[in-house]
Amino acid sequence: MFDFTIDGRIVSVKEGTTILEAARSAGLHIPTLCYLKNVSSIGSCRLCVVEVEGTAGLVSSCNTLVKPGMVVHTNSDAITAARRTALQLIIADHGLNTTQYCFSCPKNGSCELQDRCRELGVETTPFDVKPAGGPILDSNPFIAFNPALCIRCQRCVGACNNAAGNHTLITGRRGVRTSILAPFGEDWKSTNCESCGNCAGACPTGAITMKRRRQYRSWEIQRVRTTCPHCATGCQYNLVVKNGRIVDTEALDGPTNHGLLCVKGRSASFDFVHSPQRLTTPLIRSKITGELEPASWDEALDLVARRFGEIKARHGGSSIAAFACARSANEDIYMLQKMARTVFETNNVDNCARVCHGPSVAGLQRTLGSGAMTNPISDICENAQVILLVGSNPEEAHPVIGMQLRAAVARGTRLIVVDPRDIGLSKTADLHIKLKPGTNVAFANGIVRQLIHDDLIDHAFIESRTEGFADLKAMVEAYTPERVAQICAIDPRDLIAAARLYGRADRAAIVYCLGVTEHSSGTEGVMSLSNIAMVTGKYGRPGCGINPLRGQNNVQGACDMGASPGDLTGYQKIAAPGIVEKFEKAWGTQLPRFKGLYATDCFPKMIEGEVKGLFIFGEDPVRTDPDTHHVIKALKNLEFLVVDEL
Ligand code: FES
């Protein structure tokens, strides 16, 4: 930290802070246009200029670092005049007064150029510039580019290249002829464009816009902050609501997405809300026609209560099961598992983690005591020197994490991809180990053995923080590079190289997904990856740890809430002494004492006739579970099935 002076105030800053950042943290306003935090600071618009004593002329504050003892002035007649001139040049280029009219622009009312003009009192321009122009590109279904409105600030280029790591949107030519080469023309499908719309989110004017914006103006809408309902990245965004209908989304600077969204989140995450296909009334299957027919809520609720009551009275609570929705809120999941336990009197309650990251919960609990990511996503993408990515294709399954990983690799993070598939990230990986599916445990054991042989292990960490190392060392000794290479069908030199790259890094993170968990040895796969991090002491530090990329957006919450046959809320084990009694006291009723069935075990029990009633809350096991025919056969054998679904 050191001191400098800004507008007569002495302010303390960290080394590497820009004048703009320092001014903002001191509560001082400096207008900007081309600057966007963590996206672009090319310093081209000159709106942020300030005076620095001892420096000739004005400097752009967005990309000038504060130096000890510096004296800065953010306001003077000369500064205001320079900002106004810069703005007049920009609006001349924007075609204002000649070809463009704000009224027809989709950004009218939420245009940063308009805002800056209002702020600096600029309404016209004395400059006679012929705007660049060009045909409007709008073949992309979601995004349109109007070059005539482009002020060449290049924030879109920064969003595509620096933030999303996509490198599709680029700058052509130089100087006053600078133009943005946006991939939204007729050939848009042949480009790398993912239609994520982060360029549109970054654009300060109406040059690149989401087509949805044409439906509304800023003064017609409300914003509702929420979490994207797709994958488990947890992107934060605003739903844009006009007349009670969601019309758009706006990315927010959330802890995991930092202002980014993917095509799913930005353009496909809310249409279901107003879908005419949504159910608006309960449906009961008619015994006469066999069809689902509309019913009143009273009829439906009475039927559900009566039929589950009858089944419980005849066959006991263990003949009923319930599946929770991992896309719903914690409170709803909590109520579902509580209903199963207190009303159905069964612990046969589970969620979709059973067929995706159940092994993560079990494997990480067994090795670490907690079944969740050990490090935040932003920490991995910003602080890891090496990332070991196993059985995961984040660009498709968790695109916003994929973007941040791409950007991290572009900044120099080393990447090891362990995956039988040629995924997008393998193109820029240091190593791509295409191991045979189902051989993750042997691979991880081979890595641990190599780390031990190269003495790349953390003896102090092992001594103070782990147990059973001698047994592990003895067990992995058989996993020589040659043997692992044979089991995994890989080159033994790649295994050694991967172990050394990971082991020699001070900060290295393991990231994995269903390629590790969706195996009969999934739990062991997770545990053996966890061993890699433990023997190297890569836990409890930034840029390290072991990190499952979960599936549905609240699957972690579903497990936390206790939608699990062996765990009550907060992973309190049914089998542990005193736990059931504790919940009985809190809930004021008697509870079943034995662990229930896993969701996957419920289906054979339905076929055998032991499970006769099922309540499915926001899940579709026919689509998501393996062996669709088996699931359908099981569901058809039920006496009573309730589907609580949109
Ligand atoms: Fe600093 Fe544009 S915001 S030069």
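Residues numbered from 1 in each chain as written. Predicted model: local features only at pLDDT ≥ 70, side-chain atom pairs only at ≥ 80, totals over all residues. Heavy atoms only, no water.

An account of the sheet that holds strand β5 (residues 71–73) is needed here, citing residue identities and associated values.
Strands belonging to one sheet form pairs held by backbone hydrogen bonds; the direction of such a pair is parallel or antiparallel. Ordered by their spatial adjacency, five strands build an open sheet running β2-β1-β5-β3-β4, and the pairing between neighbours is mixed. Taken across any chain shown, the strands that pair with only one partner, and hence form the sheet edges, are β2 (9–13) and β4 (58–60). Strand after strand, the sheet turns through a mean of 40 degrees between neighbouring axes, direction not considered. Across two bridges, the pairing between strand β1 (residues 2–6) and β5 is parallel. Of the residues in β5, the one forming a bridge with Ile6 is Val72. Strand contacts of helix α2 (residues 77–93): β3 (49–52), β4 and β5, with the helix running at about 150 degrees to β3, the strand carrying the most contacts. (Pairing = 2+ DSSP bridges. Helix = DSSP H or I, 4+ residues; strand = E, 2+ residues; numbered from the N terminus. Axes fitted to C-alpha atoms, helices over the stretch in contact; angles between N-to-C directions. Contact = heavy atoms within 4.5 Å.)

Quick one: what's the story with helix α16 (residues 481–488), residue by residue and with numbers?
All of the buried residues along α16 are Pro481, Val484, Ala485 and Cys488. Seen end-on, α16 carries its buried residues on one side only, within an arc spanning 105 degrees. Turned more than 90 degrees from where α16 packs its buried face, Glu482 and Gln486 sit exposed. Those residues of α16 that are buried lie in contact with α13 (440–453) and α17 (492–504). Ala489 occupies a position one or two residues after α16 and carries a positive phi of about 55 degrees. (Buried < 20%, exposed > 50% of the residue type's maximum accessible area, 1.4 Å probe, protein only. Arc of directions from axis to C-beta.)

I'd love a proper account of unusual backbone geometry, names of residues and values included.
Not every positive phi belongs to a glycine, and Asn243 is a case in point at roughly 50 degrees. Topologically, Asn243 is positioned in the loop between β11 (236–242) and β12 (245–251). The exposure class of Asn243 is exposed, given its relative accessible area of 69%.

Give me the packing of aromatic side chains: which residues, what numbers.
Taken as a whole, this structure holds six aromatic pairs when the rule is applied. With 6.4 Å between their ring centres and 40 degrees between their planes, Phe308 and Phe615 make a pair best called tilted. Placement of Phe308 in helix α7 (residues 297–315) and of Phe615 in strand β24 (residues 613–617) is noted, with a sequence separation of 307 residues between them. For Phe308, a relative accessible area of 3% translates into the label buried. The exposure class of Phe615 is buried, given its relative accessible area of 10%. Residues Phe583 and Trp587 carry aromatic rings whose centres are separated by 5.1 Å and whose planes lie at 75 degrees to one another, so their mutual orientation is edge-to-face. With a gap of four residues between them, Phe583 and Trp587 both fall in helix α21 (residues 579–587), about one helical turn apart. When its relative accessible area of 8% is taken as the criterion, Phe583 is described as buried. Each member of the aromatic cluster is reached from another via a ring pair, and the members are Phe308, Phe344, Phe615 and Phe640. (Phe/Tyr/Trp six-rings, centres within 6.5 Å; stacked < 30°, edge-to-face > 60°.)

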